[in-house]
2 protein chains.
Amino acid sequence: MYEFSFCNPTRIEFGSDKEKNIGRYMKEFGVQKTILVFGSNRIKQSGLFDDVAASLTQNGIEFLELGGVKSNPVLSKVNEGIELAKSFAADSVLSVGGGSCLDSAKAIAAGALYDGDVWDFFIGKAKVEKALAVFDIITLAATGSEMNSGGVVMKEETQQKYSLSGFPLYPKVSVINPTLQATVGSDYLVYSAADIIAHSIEGYFTADIQPEIINMQIEANIKTVIKTTEILLANPDDDAARGEFAWAATMALNGLTYVGTRGYSYPNHMIEHAMSAVCDVPHGAGLSVIMPAWMKWWKNRNPTQFERFANEIFGLQTADQGIDALKAWFDKIGTPTTLAQLNIEGQVLDKVIDNAAQNAIDWQMSDTYSKDAIREVFELAK
Amino acid sequence: MYEFSFCNPTRIEFGSDKEKNIGRYMKEFGVQKTILVFGSNRIKQSGLFDDVAASLTQNGIEFLELGGVKSNPVLSKVNEGIELAKSFAADSVLSVGGGSCLDSAKAIAAGALYDGDVWDFFIGKAKVEKALAVFDIITLAATGSEMNSGGVVMKEETQQKYSLSGFPLYPKVSVINPTLQATVGSDYLVYSAADIIAHSIEGYFTADIQPEIINMQIEANIKTVIKTTEILLANPDDDAARGEFAWAATMALNGLTYVGTRGYSYPNHMIEHAMSAVCDVPHGAGLSVIMPAWMKWWKNRNPTQFERFANEIFGLQTADQGIDALKAWFDKIGTPTTLAQLNIEGQVLDKVIDNAAQNAIDWQMSDTYSKDAIREVFELAK
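These numbers were taken from a predicted model, which means no experiment stands behind them.

A. Spatial organisation of the overall build of chain A. On a plain count of helices and strands, chain A comes out with 16 helices and eight strands. For a compact globule of 382 residues, the expected C-alpha radius of gyration is about 21 Å, and chain A comes in at 20 Å, within 12% of that figure. If one aligns the C-alpha atoms of chain A with their principal axes, the spans along those axes are about 60 × 45 × 45 Å. Taking all 382 residues of chain A together, the buried fraction comes to 63%. Here the contacts in chain A between residues at least 6 apart in sequence split such that 78% fall between residues at least 24 apart. Taken as a whole, chain A presents about 13,900 Å² of accessible surface, with 47% of it coming from carbon and sulfur. Of the side-chain charges in chain A, 32 are positive and 47 negative, and the distance between the mean point of each set is 2 Å.

B. Region of interest: the UniProt feature "domain: Alcohol dehydrogenase iron-type/glycerol dehydrogenase GldA" (unreviewed entry) in chain A. The UniProt entry lists residues 9-178 of chain A under the feature "domain: Alcohol dehydrogenase iron-type/glycerol dehydrogenase GldA" (unreviewed entry), expressed in the numbering used here. Helix and strand shares over residues 9-178 of chain A are 32% and 26% respectively, and the end C-alpha atoms of the span are 22 Å apart.

C. Region of the structure containing the pairing of strand S7 (residues 160-165) of chain B. Residue and element names in this part refer to chain B. The sheet contact formed by strand S6 (residues 150-155) and S7 spans six bridges and is antiparallel. The residue bridging Lys155 from the neighbouring strand is Gln160, located in S7. In textbook terms, the turn of a hairpin is the stretch between consecutive antiparallel strands, and for S6 and S7 this stretch comprises four residues, one of which, Gln159, has a positive phi near 50°.

D. Representation of the packing of helix H13 (residues 303-314) of chain A against helix H14 (residues 319-333) of chain A within the structure. All names here are of chain A. Across the interface, H13 lies against H14 with an axial gap of 7 Å and an inter-helix angle of 50°. By the angle between their directions, the pair H13 and H14 is classed as oblique. With respect to the hand of their crossing, H13 and H14 are arranged in left-handed fashion. Contact with H13, carried on its side by Phe306, Glu307, Phe309, Ala310 and Phe314, involves Ala319, Gly322, Ile323, Ala325 and Leu326 of H14 and no other residues of that element. Class assignment for the residues of the contact of H13 with H14 results in eight nonpolar, one polar and one charged.

E. Representation of the side chain of His269 of chain B. Residue position: His269 of chain B is located in helix H10 (residues 267-279). If we ignore the near neighbours within four places in the chain, the residues touching His269 of chain B are Asp195, Ala198, His199, Glu202, His283, Leu287 and Trp363 of chain B.

F. Focus on the UniProt feature "domain: Fe-containing alcohol dehydrogenase-like C-terminal" (unreviewed entry) in chain A. In the numbering adopted here, UniProt assigns the feature "domain: Fe-containing alcohol dehydrogenase-like C-terminal" (unreviewed entry) to residues 190-379 of chain A. In residues 190-379 of chain A, the share of helix is 72% and the share of strand is 0%. The end C-alpha atoms are 24 Å apart.

G. The sheet that holds strand S4 (residues 92-97) of chain B, seen in detail. The sheet built from 12 strands is open, its strands ordered S3(A)-S2(A)-S4(A)-S5(A)-S8(A)-S1(A)-S1(B)-S8(B)-S5(B)-S4(B)-S2(B)-S3(B) with mixed pairing. Strand pairing shows two members of the sheet lacking a second neighbour, strand S3 (62-66) of chain A together with strand S3 (62-66) of chain B, which therefore form its edges. Mean inter-strand twist for the sheet, computed between neighbouring axes without regard to direction, equals 20°. Relative to strand S8 (residues 173-176) of chain B, strand S5 (residues 133-138) of chain B is paired through four bridges, and the arrangement is parallel. The partner of Ile137 of chain B across the bridge, within S8 of chain B, is Val175 of chain B.

H. Region of interest: the domain arrangement of chain A. Residues and elements named next belong to chain A. If you check the domain split of chain A, you get domain 1 (11-180) and domain 2 (185-381). Distance from the C-alpha centre of domain 1 to the C-alpha centre of domain 2: 26 Å. Tallying the contact residues gives 22 residues for domain 1 and 29 residues for domain 2. Roughly 2,000 Å² is buried in total at the junction of domain 1 and domain 2, and carbon and sulfur atoms are behind 53% of that figure. Together, Gln159, Lys161 and Tyr162 form the three largest contributors to the area buried by domain 1 at its contact with domain 2, with a combined 27%. Summed over the shared surface of domain 1 and domain 2, the result is one salt bridge. Note that Lys70 and Asp280 form a salt bridge whose closest N and O atoms lie 3.4 Å from each other. Summed over the shared surface of domain 1 and domain 2, the result is 11 residue pairs in polar contact (both at pLDDT 80 or more). If you list the elements that add at least two residues to the side of domain 1 that touches domain 2, you get strand S1 (4-14), strand S6 (150-155), strand S7 (160-165) and helix H7 (178-181).

I. Layout of the relation of the copies chain A and chain B. Of the transformation placing chain A onto chain B, the axial shift is 0.0 Å and the rotation is 180°, giving an RMSD of 0.0 Å. The operation mapping one copy onto its partner corresponds to a two-fold rotation axis. Taking C-alpha positions as reference, the residue of chain A nearest the rotation axis is Pro9 of chain A, located at 2.2 Å. Interface overlap between copies: 100% of the residues of chain A at the interface are likewise at the interface in chain B, consistent with a symmetric, same-surface contact.

J. Highlighting the interface of chain A and chain B. Listed as interface residues are 37 residues of chain A and, on the opposing side, 37 residues of chain B. There are two salt bridges connecting chain A and chain B. Of the charged contacts in the structure, one is a salt bridge between Glu212 of chain A and Lys227 of chain B, with a shortest N-O distance of 4.0 Å. Where chain A touches chain B, the interface holds 14 residue pairs in polar contact (both at pLDDT 80 or more). By residue class, the composition of the side of chain A that touches chain B is 20 nonpolar, nine polar and eight charged. Here S1 of chain A pairs with strand S1 (residues 4-14) of chain B via seven bridges, running antiparallel. Pairing of Phe4 of chain A across the sheet is with Phe14 of chain B, part of S1 of chain B.

K. Structural detail: the environment of Asp350 of chain A. All names here are of chain A. Its location among the elements puts Asp350 in helix H15 (residues 346-362). Since its relative accessible area comes to 31%, Asp350 is described here as partly exposed. Along the primary structure Asp350 and Cys101 are separated by 249 residues, whereas in three dimensions their C-alpha atoms are 30 Å apart.

L. Broad picture of unusual backbone geometry. Residues and elements named next belong to chain A. A positive phi angle is found at Asp17, which is not glycine, with a value near 65°. Mapped onto the secondary structure, Asp17 falls in the loop between S1 and helix H1 (22-28). Here the phi dihedral of Gln159 falls at roughly 50°; this positive angle occurs in a residue that is not glycine. In this fold, Gln159 is placed in the loop between S6 and S7.

M. Expanded view of helix H7 (residues 186-206) of chain B. Residues and elements named next belong to chain B. A rise of 1.5 Å per residue sets the reference length of H7, with its 21 residues, at 30 Å; its end C-alpha atoms lie 30 Å apart and thus fit the reference within 8%. A bend of about 25° at Ser200 is the largest found in H7. Within H7, 18 of the 21 residues are buried, which leaves the element mostly enclosed by the surrounding structure.

N. A look at the environment of Ile209 of chain B. Residues and elements named next belong to chain B. Topologically, Ile209 is positioned in the loop between H7 and helix H8 (212-234). Separated by 54 residues in sequence, Ile209 and Gly263 have C-alpha atoms that sit 7.0 Å apart. Each residue touching Ile209, except ones within four places of it in the same chain, is listed here: Tyr2, Gly260, Thr261 and Arg262.

O. Helix H12 (residues 283-298) of chain A, seen in detail. Residue and element names in this part refer to chain A. Compared with the 22 Å implied by 1.5 Å per residue over 16 residues, the 21 Å span of H12 between its first and last C-alpha is a close match. The sharpest bend along H12 reaches about 30° and sits at Ile290, with the proline Pro292 one to four residues further on. The buried count for H12 comes to 15 of 16 residues, which makes it a mostly enclosed element.

P. Quick peek at the packing of aromatic side chains. Tallied over the entire structure, the rule returns 50 aromatic pairs over all chains. Judged by centre distance (4.5 Å) and plane angle (55°), the ring pair of Tyr258 of chain A and Tyr264 of chain A falls under tilted. With relative accessibility at 10%, the residue Tyr258 of chain A sits in the buried group. Between Trp297 of chain B and Tyr369 of chain B, the aromatic rings sit 5.4 Å apart at their centres with planes inclined by 35°, giving tilted as the arrangement. Within this pair, whereas Trp297 of chain B is found in helix H11 (residues 283-298), its partner Tyr369 of chain B is found in the loop between helix H14 (346-362) and helix H15 (371-379), the two being separated by 72 residues in sequence. Relative accessible area serves as the criterion here: at 3%, Tyr369 of chain B is assigned to the buried category. Pairwise contacts between aromatic rings join Tyr204, Phe205, Trp294, Trp297, Trp298, Phe306, Phe309, Phe314 and Tyr369 of chain A into one cluster. Directly above the aromatic system of Phe88 of chain A lies the positively charged group of Lys33 of chain A, at a separation of 4.7 Å from the ring centroid.

What counts, and at which threshold
- Throughout this description, residue numbers start from 1 for each chain and increase along the sequence as written.
- Whichever chain is written first becomes A and whichever ligand is written first becomes 1, with later ones labelled in order.
- It should be noted that, the model being predicted, local features are given only for residues of pLDDT at least 70 and side-chain atom pairs only at 80 or more, the latter also being counted only at that level, while totals for whole chains, interfaces and linings use all residues.
- The side-chain values count all of the structure's non-hydrogen atoms but skip hydrogen atoms and water molecules.
- Strands here mean DSSP runs of E at least two residues long; helices mean DSSP runs of H or I at least four residues long; both are numbered from the N terminus.
- For a compact globule the rule gives 2.2 Å times the number of residues to the power 0.38, and the radius of gyration it is set against comes from C-alpha atoms.
- Under the scheme applied here, a residue whose accessible area is under 20% of the maximum for its type counts as buried, over 50% as exposed, and between as partly exposed, the area being computed with a 1.4 Å probe on protein chains only.
- Every residue pair with non-hydrogen atoms within 4.5 Å of one another is taken to be in contact.
- With residues, only the protein chains shown are counted as cover, and all accessible areas are computed by Shrake-Rupley using a 1.4 Å probe.
- Positive residues here are Lys and Arg, negative ones are Asp and Glu, while His and the chain termini are left out of the count.
- Charge positions come from single atoms, namely NZ of Lys, CZ of Arg, CG of Asp or CD of Glu.
- UniProt positions are given in the numbering used here, feature names are shortened, and annotations may be inferred rather than shown by experiment.
- Pairing between strands is defined by DSSP: at least two bridges between the two strands are required.
- Axis definition: a line fitted to C-alpha atoms, over the contacting stretch in the case of helices. Angles run 0 to 180 degrees between N-to-C directions.
- Note on angle classes: values under 35 degrees are labelled roughly parallel, values over 145 roughly antiparallel, values of 65 to 115 roughly perpendicular, and the remainder oblique.
- Crossing handedness is defined as follows: a turn of the near helix away from the far one that is anticlockwise and smaller than a right angle gives a left-handed crossing, while the clockwise case is right-handed.
- Polar here means any residue other than Ala, Val, Leu, Ile, Met, Phe, Trp, Tyr, Cys and Pro, which are nonpolar, and Asp, Glu, Lys and Arg, which are charged; Gly is therefore polar.
- Start and end points for every domain follow an automatic or database-based domain assignment.
- Buried area: the accessible surface (1.4 Å probe) lost by two parts on joining, summed over both.
- Throughout this description, the term salt bridge denotes a Lys or Arg side-chain nitrogen within 4 Å of a carboxyl oxygen of Asp or Glu.
- Polar contact criterion, stated in full: a pair of N or O atoms within 3.5 Å, where within protein one must be able to donate a hydrogen and the other to accept it, and residues adjacent in sequence count only if both atoms are side-chain atoms.
- Overlaid copies result from least-squares superposition on C-alpha atoms, with residues included only where pLDDT is at least 70 in both.
- Any helix carries an expected span of 1.5 Å times its number of residues minus one.
- Here the bend at a residue is taken as the angle between two axes, fitted respectively to the seven residues that end there and the seven that start there.
- Here is the rule: rings of Phe, Tyr and Trp (six-membered ring for Trp) pair when centre to centre is within 6.5 Å. Planes less than 30 degrees apart are stacked, more than 60 are edge-to-face, and the remainder are tilted.
- Any Lys NZ or Arg CZ found within 6 Å of a ring centre and within 35 degrees of that ring's normal is scored as a charge over the ring.

In structure tokens:
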């Protein structure tokens, strides 16, 4: 195993009704004033907002609302949150929603204690050395943001969908209530499945050093996602499956599947961010299109690992069989696998490729991912 | 998955020469005065002590030595350490050694900030609410103590080998340098393999609720131990195998293989503690004797899981085949599998059974583990 440092201090509170304790958890960290970040008004209709507000109030925590965070979250909303947090002198941010909400909350937490432009953190101009305390109730299992220190936000003017990260951004407490997550529709369930699998395979296929124990842990996550997605499509109220799906999402990107590895990269995310930045497609839908294409494009660089994937995940032999099986499984669960399904064609596709090529430069991946190379990947996704 | 809270704040520093930075890591936590806990003088002969002392001194950290911690660590040494820590006004404890050293260090850390008898923590009379900061360089991969909040110590007068635990006892930083661990002899390598497998199977076979994803993660740990033990017996200097072995040890008892489970217990440890308390046998050697016996005794309570174990770990079908294969593997690597090999017979065995029966009462397991039941398990280990 390659050398590593690992520390993940996030406390997970997993189980039914745990969101009703959120005020108590925050009080344990001395919270007095928070910004409650959320997306649509659905959380007000469902009663979730009232539960959270009651728990905050009971624990003497004042809060201001910041609603309207959208999927593929945008920088303007983050800046709105930063202003709000500063003027309110908030000591914390509480996200009640999915990964987009939480990622926005992390950016607000970092920006509220920074004098410059929060975008500096996204382009490597500044490091996150301090932040407001981050808490969350995660209502969609997908991004793993509930147990890591990263976040992704798009700057609208430039259509750059970039990430920030830093130790202070690990959530202090993340609430995972599988029952709450059952309210998500089957479309976002299957997009989420694709997202978790993407988090799993990025390192799995790209790392120069990939310990056997890490391979097996990643495979455990992928197998769990495949099995529980099928159960949940048939029966959305299966709590056991919902719980395992949620935990697989968390485990796929909490750092443990990257310890001791070396040389990995995130090409599928790099390319997909361009798709959702330009076309506002759901992140997971973009990933399920790009993954089988990228796998075909990449397979000869790591043939043993692709054969292993085919065998361990699908009981098949060759790299191509494994890739085809994954694509067929995406088709079966109903997440897109072709660019046409996302209406990414012609000039729109050209724009996406330009955007991805710029990502490759900014993410220092352009040695491997020239504009031509990216076009080749997209050709395989038609 | 059953509801759970999970938080493991320990920072792992994994890799070659990381022990040489220990002073810097400790300084980051504001350490000024520490008690350096170790076992034999081997660490002075090997140069490890000098490396650690140099790093502490360079970082302005004063220290006192507490050597002489033995395997199956004892309370008298812990009390000696507590006195030393109090008189020195230490703010931390640094363990340089294996699990026995670190467990002793944790008890010292708790006892140094407690007015009563430190044994109170072991018998449930007091909770560990504060402790000196714990740091370690773990030189034997086995107990998982480097990433959990527990420790086991024996009170000599009563031959009670009991455990304490508490959130403040999570090490702040644990150094895992696989190369350092390569100095251990093959006997302790195979005992360690048995210990890691024991940590893996206790929950695996006893839990009422055992999520599929947790099963797979446990199996990943067990498979890693089996594969890397064989590699290391053939070539002790295989760094990759040594690293994976070490990480499997850490992952087997850092809490992640118990999240979402319910109703598990530690019968093999409960019984083995009596063996090492009365006869001072190595903990792992006691475990490799007791595990196959206990598995035979328990198998009909959880037949599906035993068949799964046989299949996943050894590619076999029945519960008995899986148990026999594990025992055969212990024989093959050279860790004991019968009481006779440990000279635990006749009146000595009676004494061990009495001790285990008392453990069962004190650990609230006597409903299942009466003295007769414990004797039945031991009969199967003859």
